[in-house]
Structures are given as C-alpha cells and as structure tokens.
Amino acid sequence: MFQVQIKRLPGSNGLDLPRKMSQAASGFDLQAAVEEPVTLAPGQRILIPTGFALAMPIELEAQIRPRSGLAYKHGITCLNSPGTIDADYRGEVKVLLINLGQEPFVINRGERIAQMVFQTVPQVQLEEREELSDTVRGSGGFGHTGV
Ligand SMILES: O=c1ccn([C@H]2C[C@H](O)[C@@H](COP(=O)(O)OP(=O)(O)OP(=O)(O)O)O2)c(=O)[nH]1
Ligand SMILES: [Mg+2]
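Residues numbered from 1 in each chain as written. Chains lettered and ligands numbered in written order. Predicted model: local features only at pLDDT ≥ 70, side-chain atom pairs only at ≥ 80, totals over all residues. Heavy atoms only, no water.

1. Some words on the confidence of the model for the protein
In the predicted model, the protein carries a mean pLDDT of 97, and 100% of its residues have values of at least 70. Both scores are available for the predicted complex, with the pTM at 0.96 and the ipTM at 0.97. (pLDDT = per-residue confidence, 0-100.)

2. Points about the pattern of salt bridges
The full count for this structure, using the stated rule, is five salt bridges. We note a salt bridge from Arg-112 to Asp-29, for which the minimum N-O separation is 2.6 Å. With Arg-112 in strand E11 (residues 112-120) and Asp-29 in strand E2 (residues 28-31), this pair connects stretches of sequence that are 83 residues apart. When its relative accessible area of 28% is taken as the criterion, Arg-112 is described as partly exposed. Take Asp-29: its relative accessible area is 9%, and that puts it in the buried class. Residue Glu-127 pairs with Arg-129 through a salt bridge whose shortest N-O separation is 3.1 Å. Arg-129 carries the same exposure label as Glu-127, and that label is exposed. Shared partners join several salt bridges into a network, and the residues in it are Asp-29, Arg-67 and Arg-112. (Salt bridge = Lys/Arg side-chain N within 4 Å of Asp/Glu carboxyl O. Helix = DSSP H or I, 4+ residues; strand = E, 2+ residues; numbered from the N terminus. Buried < 20%, exposed > 50% of the residue type's maximum accessible area, 1.4 Å probe, protein only.)

3. Looking at the packing of aromatic side chains
A full pass over the atoms with the stated rule returns one aromatic pair. With 5.6 Å between their ring centres and 85° between their planes, Phe-28 and Phe-118 make a pair best called edge-to-face. Placement of Phe-28 in strand E2 and of Phe-118 in strand E11 is noted, with a sequence separation of 90 residues between them. Overall, the relative accessible area of 25% leaves Phe-28 in the partly exposed class. (Phe/Tyr/Trp six-rings, centres within 6.5 Å; stacked < 30°, edge-to-face > 60°.)

4. Regarding the layout of surface pockets
Looking at the largest pocket, its volume works out to about 340 Å³. Forming the walls of the largest pocket are 14 residues, and the residues nearest its centre are Phe-2, Val-4, Lys-20, Phe-28 and Phe-118. Looking at side-chain class alone, the lining of the largest pocket contains 12 nonpolar, one polar and one charged residues. When its volume is computed, the second largest pocket comes out at roughly 150 Å³. For the lining of the second largest pocket, the residue count by class is six nonpolar, three polar and three charged. (1 Å grid on protein atoms, 1.4 Å probe; cavity = no way out; pocket = protein on both sides within 12 Å on 5 of 7 lines; lining within 4 Å. Points joined across faces, edges and corners; volume = space filled by probe spheres on them. Nonpolar A, V, L, I, M, F, W, Y, C, P; charged D, E, K, R; others polar.)

And the structure:
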C-alpha cells in the first residue's frame, strides 16, 4: 500500500476528496471544482480544476481517465487521456475535457467528471546502443499485422 498525501486547495469547500465509488474500483472519482456551471459546446475543450494537490512517492504517477458513462451518454472525454500527474507535481490537479458529442454539456460544481488511477512507474535508465536486437515484428507498426 502506498501513502499519497492530498491537500485541499482554496475553492474546494463543500467538495469530497477524490474517492472510489465501489470497494474494488480502480479509480478515484474527481469532482469539478468550478464555482459556477460551465457549458461545454460540441468540439470545445476546457481545463477543469479539481480543488486538490498531491504529493506522491517517486514510484507512482496518477492517470486522469475519462468516465465511460460521460463518454457513452454525452461524448465527454479527456482530450489527453490518460492525463499524467507526475510524482513531483504540486500544483492543482486539473482535468482536460473535450465535448465530442453533438449537444452542449453543462458541468456543475461537484459533478464527477473524470477518475484518477494510480500506477507504479518503474525507474528506467536508458542505455544507448548502435544496434538493437532483431525481432519478428521489426519496425512493423500501424496495422502491419493486418486490419
Ligand atoms: O490531465 C492533466 C495532465 C497534466 N496535469 C499537470 C500535472 C502534470 O504533472 C503536469 C505536466 O503534465 P504533462 O507532462 O502531461 O504536460 P507537459 O506539456 O509535458 O508539461 P510540462 O512541461 O510541465 O511537463 O501537468 C494535470 O493536472 N492534468
Ligand atoms: Mg511533461
């Protein structure tokens, strides 16, 4: 179990801290810390504050992922999904939403607009080589195995 420190920021009054909505949920749901309702027009993107900041151990990152219900029902998703919260970030966690639906979408304060999933990040050291080992795939990509 990792310990992650969380700090409530000004403007988070009345909001819950991120929490899992079921015992074995992967993600902590994130509430919109908007002061007033915000309308997202079709095709529009917006950065939504969440009202908190984190201090994670170096072994972790947090991924900001869309909620499937918003995506399925309204075409609302995270433009940069999964958003990356670095372990050394101490600013407000924000959610970059885009409206890929056909209708305007209203974001109200406290609405659960995304989820945050913690992942371990292996510490990696890159070693430069003149050549790499051969594989069957080689440089095949982007559908080279067929559609
Ligand atoms: O959905 C997101 C994505 C990023 N961030 C914050 C936390 C993260 O640690 C920082 C940098 O994110 P990223 O590395 O994706 O952005 P960048 O364009 O590379 O910015 P930087 O040069 O600051 O790393 O921005 C969020 O709050 N929400
Ligand atoms: Mg970056």
